[in-house]
Amino acid sequence: MVARFVSGSPRRAGRGAGLAYVGGAPAPPRLEEIPRRPLCRLQGYGGQHHSCGDLYTPSSIEELRVLFRMARRTGRRITFRAGAQSFDGQALNDDIVISMTSFTSIEIDEERARMTVGAGATWGAIARELAARGFVPYTVVSTSHATAGGTVSGDCLSRFSGTGGKEGHYVERLTLLTLDGQLLSLSRDERTSALFHAVIGGLGYLGAVIDVTYRVARVAPAGTPIRVVTEATRCASLEELTAMLLPRAEQLLPSEGGRAVEDGWIPEALFSIAFHTLDGSKSMVLRSRYVAGTAHELRPLLNHRRSYPLRVPIEWLMRAAVVSRGVWTIIDRFVFDVSRPHVDELMGFLFFMDGNVLANRIGQALGVPMITVQQTFMIPYDPGAPEESLGRLVGFLNRIDEIATRDGIPPLLLDVLHIQGDRFLLSANHGTDGFAVTVAFAGSDEDSVCRIRLRLTELSAHTLTLGGRVYLVKNVHATAEHLQAMYAHALPEFVRLKELVDPDGLLRNEFLERVFPAHFGPAPRLART
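Residues numbered from 1 in each chain as written. Predicted model: local features only at pLDDT ≥ 70, side-chain atom pairs only at ≥ 80, totals over all residues. Heavy atoms only, no water.

### A short note on the overall build of the chain
Tallying secondary structure elements over the chain gives 15 helices and 19 strands in all. The buried share among the 529 residues of the chain stands at 57%. A fraction of 70% describes how many contacts in the chain between residues 6 or more apart in sequence connect residues 24 or more apart. (Helix = DSSP H or I, 4+ residues; strand = E, 2+ residues; numbered from the N terminus. Buried < 20%, exposed > 50% of the residue type's maximum accessible area, 1.4 Å probe, protein only. Contact = heavy atoms within 4.5 Å.)

In structure tokens, the structure reads:
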């Protein structure tokens, strides 16, 4: 059985839409018929990066082709955007920004446990349609506002990546529209494998992702509610925390070094959090699993209650370092009860960051600075030398604590999870297992943001000495030389493929030029037409 859904409202037909050429071919779209917001101010989720460009919202492949032809003719630069959840400048441009929010189709093949979704389909809409049929994504980011095209372009990770890997592992096929108008179907087969492994995690710099086909997991009979049970364990030391993050063999498939039964295998979430209280640093490891039905009584974690009335003011209060430690002290003492499992509704568990998104939007609407900085470091893990690898990770976590103490700006939150290696070119895990260490800060003014940037740049340099990499999907604060060294294994091939599908270099933006200036120099600014 295949079910199809298209979210959003259809666009009103443009002038001449009812006419056709001889033979029944529809009249080609015209540039002026594509919705456009000129000189539109855009920003990333974190509030640090802004742009002022022409925002186009095409609703068909033909309209995209019209925009590509215009860019080739005028030499203008293009960046793709959809859910507006990028932390850095990955989806910003001072020239042309193309919104993919109209590509929202969702098609579910229940028999084959597959789904094909448009690039602009949000993960909230996708998860709701899947859950109604007893399915879940194998891995999904933590905000419902992110889109499939955006997250596949980042090869994103989630709390389920500790056992299941990152998003790209579950992509069967994707459709890419190149700048010369070709529509390519990419998969792991030998003919298209190179481009497939570059587009996933390629940050939207190789063409427009039109749709993506994923494997999905059945966890319940159709129509049965899905809940998530989470067990938390407090850790007495960082050594204990890191050791507990290594997945057990029964949690992994044989192809990944485990002994789980492949038929019906569902990844478990295995992740950790660390935070600063008035009593010092605290940490815990959490394990979550899907359960079918309502036999488990709801007992949601506080941060999974997206509509909790105090969620927004708590998010605001925690942006001040001293207050943050006080709030975490209360949560640690009175909210985190590890004596029995927590039970969440599916959507509350998957998209717990929606509360943060709401707090940011309200704050920005009131004129309150809502600057969020998150950077993820991938510290390598060698299964052949576990003690040495775990010691390296503990040393890195201690380094974060030392810097925070020295500068007096502790992170709001720190989380760590184990990630298996993959083959995607710009993946921080390309060819190596590792631990993803994410550090989150809140900045109240330019001075605090400057100090946070300097601290993250220092940690990036230390990551390089450990053989690790900075994850390119969140904020990226590192020198160009360090980033070049981290990705030297992949950049020549990525540049080769980019020149193949975008020979004129029309897909450009500030982020690409800033992180890899040796390969993507700034293009000249041209007058808008």
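### Concerning the packing of aromatic side chains
On inspection of all chains with the given rule, the structure shows 11 aromatic pairs. For the pair phenylalanine 275 and phenylalanine 336, a centre-to-centre distance of 6.1 Å together with 35 degrees between the ring planes defines the contact as tilted. Of this pair, phenylalanine 275 sits in strand β13 (residues 269–277) while phenylalanine 336 is found in the loop between α8 (321–335) and β15 (342–345), placing the two residues 61 residues apart along the sequence. Of the two residues, phenylalanine 275 and phenylalanine 336, neither departs from the other in class, the shared state being buried. Between tyrosine 381 and phenylalanine 435, the aromatic rings sit 5.6 Å apart at their centres with planes inclined by 85 degrees, giving edge-to-face as the arrangement. Placement of the pair is tyrosine 381 in strand β16 (residues 371–381) and phenylalanine 435 in strand β18 (residues 433–443), with a sequence separation of 54 residues. In this pair, the class of tyrosine 381 matches that of phenylalanine 435, namely buried. An aromatic cluster is present here, built from Tyr138, Tyr170 and Trp265 joined pairwise through their rings. Directly above the ring of phenylalanine 349 sits arginine 159, whose terminal nitrogen or CZ lies 4.0 Å from the centroid. Stacked on the ring of tyrosine 487, the Lys or Arg arginine 469 has its end atom at 6.0 Å from the ring centre. (Phe/Tyr/Trp six-rings, centres within 6.5 Å; stacked < 30°, edge-to-face > 60°. Lys NZ or Arg CZ within 6 Å of the ring centre and 35° of its normal.)

### Comments concerning the packing of helix α11 (residues 386–407) against helix α12 (residues 446–465)
Two elements in contact, α11 and α12, have axes separated by 11 Å at closest approach and are oriented at 155 degrees. Viewed along their axes, α11 and α12 adopt a mutual orientation that is roughly antiparallel. Crossing hand, α11 versus α12: right-handed. Touching Phe396, Arg399, Ile400, Ile403, Ala404, Arg406 and Asp407 of α11 are Arg451, Arg455, Glu458, Leu459, His462 and Thr463, all from α12. Looking at the contact of α11 with α12 residue by residue, the class counts come to five nonpolar, two polar and six charged. (Axes fitted to C-alpha atoms, helices over the stretch in contact; angles between N-to-C directions. Parallel < 35°, antiparallel > 145°, perpendicular 65-115°, else oblique. Left-handed = near helix turned anticlockwise from the far one by under 90°. Nonpolar A, V, L, I, M, F, W, Y, C, P; charged D, E, K, R; others polar.)

### Focus on unusual backbone geometry
A negative phi holds for most residues other than glycine; trans holds for most peptide bonds. Positioned with a positive phi, leucine 39 is a non-glycine residue whose angle comes to about 45 degrees. Inspection of the secondary structure assignment puts leucine 39 in strand β2 (residues 36–43). With a phi angle near 60 degrees, leucine 203 is a residue other than glycine that sits in the positive phi range. Here leucine 203 is to be found in the loop between α5 (193–199) and β11 (208–218).

### Observations regarding the nonpolar core
Counting 123 residues, the largest nonpolar core has Trp123 and Val437 as the members making the most contacts within it. Counting residues in each nonpolar core, the second largest holds 21 residues, with Phe80, Ile96, Leu177 and Ala208 among its members. (Core = buried A, V, L, I, M, F, W, Y, C linked by side-chain atoms within 4.5 Å.)

### Observations concerning α12
Between its first and last C-alpha atoms α12 spans 29 Å; for 20 residues at 1.5 Å apiece the expected length is 28 Å, and the two agree. Within the sequence span of α12, burial applies to Ser448, Val449, Ile452, Arg455, Leu456, Leu459, Ser460, His462 and Thr463. The arc that holds every buried residue of α12, seen down its axis, measures 160 degrees, which confines them to one face. For α12, the exposed residues set more than 90 degrees away from the buried face come down to Asp447, Leu454 and Thr465. Downstream of α12 by a residue or two, glycine 467 has a phi angle that is positive, lying close to 85 degrees. (Expected span 1.5 Å × (residues − 1). Arc of directions from axis to C-beta.)

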